[in-house]
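Structural characterization, general
Here's the letter readout for the chains.
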Amino acid sequence: MATFLLPLLVLCPFAASLIIFISAGRMGARGAGTVACAGIGVAAVLSIIVSVILLSGPTGGELQVTLWPWVHVAGFSADIAFILDRISMIMILVVTIVGLLIHVYAAGYMRDDPGIARFFGCMTLFVAAMLVLVLSSDLLCLFIGWEGVGLCSYLLIGFWYDNPANTAAARKAFYVTRVGDVALLCGLLLLATTTGSPRIGAVLAAVTNGQVSASGISMAAFFILMGALAKSAQVPFQAWLPDAMAGPTPTSALIHAATMVTAGVYLIARLHDLFVMAAPVMALTAVLGTLTLLVGACAALVQSDLKRILAWSTISQVGYMFLALGCGVWQAALFHLMTHAFFKALLFLAAGGVIMRARHEQDIFRLGGLRHAMPGLTVAFVIGASALAGLPLVTAGFYSKEMILSGVWHVRFGLTRDWTVTGHPLWAMALLGAFLTALYIFRCVFIVFFGKAGTVVAGRTSRLMTVPLACLCVLSLCGGVIEMPDTLPSLHLFSALLDPATPLSHADEPVWLVLAGAVVPLAGLALAWMLWGRPSSVMRGARTAGGPDGRHDVLSRWQDIPDRAGAAAGALMRAASARVFAVRAGFLDRLARWSGRIGRWGARMLERLHNGRMRWYAAWIAGGLCMALAVAVLS
């Protein structure tokens, strides 16, 4: 039965996309939304069914199906094949269930857009490509899904292509991720050629059995890491994601919560046996994840655009996942991926409702006092913000972030045979990131939903949009109780689900470690309330620093630091290029001048030889003949 259900799981959203595209815009808004939601809904039901089948089988079992052979040459073969194990099971449930809620919301959000059919065609294709990526048992088949999500993101970010800024943002995302895709392809081909097979199971078995050299493992892991960093918008490839907010808000929710940004995390988790064998690359992953979570949090703290705050928040939270992956606690990374999908989808969808009713105003300083006009959206956004900040005990984000912090504290990096480094410095920086997370997200909450009203609100949030918000509120609050630290009532359902043989547990974890992770977000919330929640000089400055509309606050004047840094780097590159061009041009000019002079000198010499005087010609012939005879005689 599984050999039939797994391909059908991917076929449902793909068929929905095909039907919508074939209609060529003749399908109305309701029809396109119905077909899209039906396709994703059936896929969600099938995901639950195949998950039950997998869990009811033997421990450590998996479901495999080969659709057709793809490449068969001497000593090498690649197939279009799917595999369902514990890791891919978590991913398909997140992608289809969260994707379904986003599609239902989008049916109400996009109902008046003339391009709604094209929108839903790309959205369903996006989900289908992500399912191909997470279910592939072959590296080359995985790369097809990888490129598919990149294409769909390009189409959706530039959905409103009549605005040049939107198309520029789409191109930026496409170009930056292509750099990572080239690195990823190099890594995948290196593994496939070294091990003789592109099948993921065979590759990992060859790596763990010592059939691949240490240098080959490190090089392949490094290339794959570069591809994952670019796709997940991590340092140094983070610049494309904030600009990707040019697309419709449901697109942003799907990219950030359930598809493209999480693809890099899934890839490293899928190949964690490879990365365990490359300790320097693991350490690099952890360091880059820590750097990213701090950069993202600091950038979010100085933004004034509501969606860009959430975009930098995603960069920071995915940084936590890369930190966990680099520390070897890939179960914690996937757990945070799941909870992040819940509360980040909730935040984006709630923000979309706010923006739509505020007449597409996204500047947080032109909003304000919205809790009176939008009480339901206020509750939804506050729940999402609480989960993002990781407020203790009552939110899913607390449990997943606590699992990461615990794993980072206990990790030991064996960089060389005699050099071992603890994860305590990384833990401290991750804790600082948790403080900044609570600070920036509640800064947004207090400015947008409290204080003096700053814009006129129109309309009501439709029921079609309200139902997904309610479901995501429940998941954001209760989705993390399946994995609790040992200092609380010990519960490790999620880690046991992923790896029944060795569930992740830290029985010797000190109580103060959990208390630190619980108190720091509360401290960030308290500081945010002191700065922006109560009437204060800071809040009054926020309303007056940018003029009567209160566009900028004390921090927002620095919100364009990433853009300034990018502009400075671009100016430096242009100056260097101009200098190189000038040097090159000067050399070429000199070369051309000297070539001309040499040619003229040679022409004058030939002109003297060929002067039309027969006696000179006869003399040259006689002289040449004498020289030839002399050489012949002397030799």
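Conventions used here
- Residues numbered from 1 in each chain as written.
- Predicted model: local features only at pLDDT ≥ 70, side-chain atom pairs only at ≥ 80, totals over all residues.
- Heavy atoms only, no water.
- Salt bridge = Lys/Arg side-chain N within 4 Å of Asp/Glu carboxyl O.
- Buried < 20%, exposed > 50% of the residue type's maximum accessible area, 1.4 Å probe, protein only.
- Helix = DSSP H or I, 4+ residues; strand = E, 2+ residues; numbered from the N terminus.
- Axes fitted to C-alpha atoms, helices over the stretch in contact; angles between N-to-C directions.
- Parallel < 35°, antiparallel > 145°, perpendicular 65-115°, else oblique.
- Left-handed = near helix turned anticlockwise from the far one by under 90°.
- Contact = heavy atoms within 4.5 Å.
- Patch = residues over 30% accessible without salt bridge, like charges linked within 9 Å, V, L, I, M, F, W, Y side chains within 5 Å.
- Areas by Shrake-Rupley, 256 points an atom, 1.4 Å probe, with all protein chains shown as cover.
- Expected span 1.5 Å × (residues − 1).
- Phe/Tyr/Trp six-rings, centres within 6.5 Å; stacked < 30°, edge-to-face > 60°.
- Core = buried A, V, L, I, M, F, W, Y, C linked by side-chain atoms within 4.5 Å.
- Pairing = 2+ DSSP bridges.
- Lys, Arg positive; Asp, Glu negative; His and termini not counted.
- Charge placed at Lys NZ, Arg CZ, Asp CG, Glu CD.

**Structural notes on the pattern of salt bridges**
- Using the criterion set out here, one finds eight salt bridges in the structure.
- The partner of E361 in a salt bridge is R366, and the shortest N-O contact between them spans 3.9 Å.
- Accessibility expressed as a relative area gives 28% for R366, which makes it partly exposed.
- Here the salt bridges do not stand alone but share partners, grouping E147, R178, D181 and K231 into one network.

**A closer look at unusual backbone geometry**
- Between V235 and the following residue, P236, the backbone shows a cis peptide bond with an omega angle of 10 degrees.
- Secondary-structure assignment places P236 in the loop between α8 (214-231) and α9 (240-243).
- Positioned with a positive phi, H360 is a non-glycine residue whose angle comes to about 60 degrees.
- Secondary-structure assignment places H360 in the loop between α15 (330-357) and α16 (370-373).
- The residue L393 is not glycine, and still its phi comes out positive at about 70 degrees.
- Position of L393 relative to the elements: it lies in the loop between α17 (375-389) and α18 (396-410).
- The exposed category is assigned to L393, whose relative accessible area is 52%.

**Thoughts on the packing of α8 against helix α13 (residues 279-301)**
- Contact pair α8 / α13: the axes reach a minimum separation of 10 Å and the direction vectors enclose 20 degrees. In this view, α8 runs roughly parallel relative to α13, as classed from their interaxial angle. Crossing angle aside, the handedness with which α8 passes α13 is right-handed. Taking contact as the criterion, the partners of S218, A221, F222, L225 and L229 in α8 are, on α13, V281, L284, T285 and L288.

**A look at a nonpolar patch on the surface**
- Residues L11, F14, L18 and I22 make up a contiguous nonpolar surface patch of about 390 Å² in total accessible area.
- Relative to the helices and strands, L11 resides in helix α1 (residues 2-22).

**So, α1**
- When the terminal C-alpha atoms of α1 are compared, their 30 Å separation across 21 residues agrees well with the 30 Å that a helix rising 1.5 Å per residue should span.
- Those residues of α1 that are buried are in contact with α2 (29-56), β1 (63-73), β2 (76-84), α3 (86-109) and α4 (116-135).
- Count one or two residues on from α1 and you reach A24, which has phi positive near 55 degrees.

**A word on the packing of aromatic side chains**
- Considering all chains together, one arrives at 15 aromatic pairs under this definition.
- An angle of 55 degrees between the planes, with centres 5.2 Å apart, marks the rings of Y154 and F174 as tilted. A residue pair is termed long-range when its members are at least 10 positions apart, and Y154 in helix α5 (residues 139-157) and F174 in helix α6 (residues 164-195) qualify at 20 residues.
- Note on Y154: relative accessible area 32%, which makes it partly exposed.
- Overall, F174 belongs to the partly exposed group, its relative accessible area being 27%.
- On the basis of an interplanar angle of 90 degrees and a centroid distance of 5.9 Å, the ring pair of W427 and W512 is categorised as edge-to-face. One end of the pair, W427, is in helix α19 (residues 424-449); the other, W512, is in helix α22 (residues 511-533), with 85 residues separating them in the sequence.

**Remarks on the environment of A244**
- Mapped onto the secondary structure, A244 falls in the loop between α9 and α10 (249-257).
- Linking A244 and A311, residues 67 residues apart in sequence, is a C-alpha distance of 8.4 Å.
- Beyond its immediate sequence surroundings of up to four residues, A244 is in contact with I157 and S252.

**Some thoughts on α22**
- An ideal rise of 1.5 Å per residue puts 33 Å on 23 residues; α22 measures up with 31 Å between its terminal C-alpha atoms.
- Buried residues of α22: L513, V514, A516, G517, A518, V520, P521, G524, A528 and W532, and no others.

**A closer look at the nonpolar core**
- Grouped together as the largest cluster of nonpolar side chains are 204 residues, with contacts concentrated most on L274, F275 and F381.
- With 19 residues, α15 is the single largest residue contributor to this core.
- If sequence neighbours within four positions are ignored, F275 has contacts with A221, I224, L225, I268, V281 and M282.

**Quick word on the pairing of β1**
- Pairing of β1 with β2, which is carried by nine bridges, proceeds in the antiparallel orientation. Paired with W68 across the strands is I80, a residue of β2.
- Between β1 and β2, which pair antiparallel in sequence order, lie two residues; one of them, G75, sits at a positive phi of approximately 75 degrees.

**Observations regarding a positive patch on the surface**
- Residues R590, R593, R597, R600 and R604 make up a contiguous surface patch of positive charge.
- Along the chain, R593 falls in helix α24 (residues 561-609).
- On the basis of relative accessible area, R593 is assigned to the partly exposed category, the value being 46%.

Any link to function would need more than the numbers given here.
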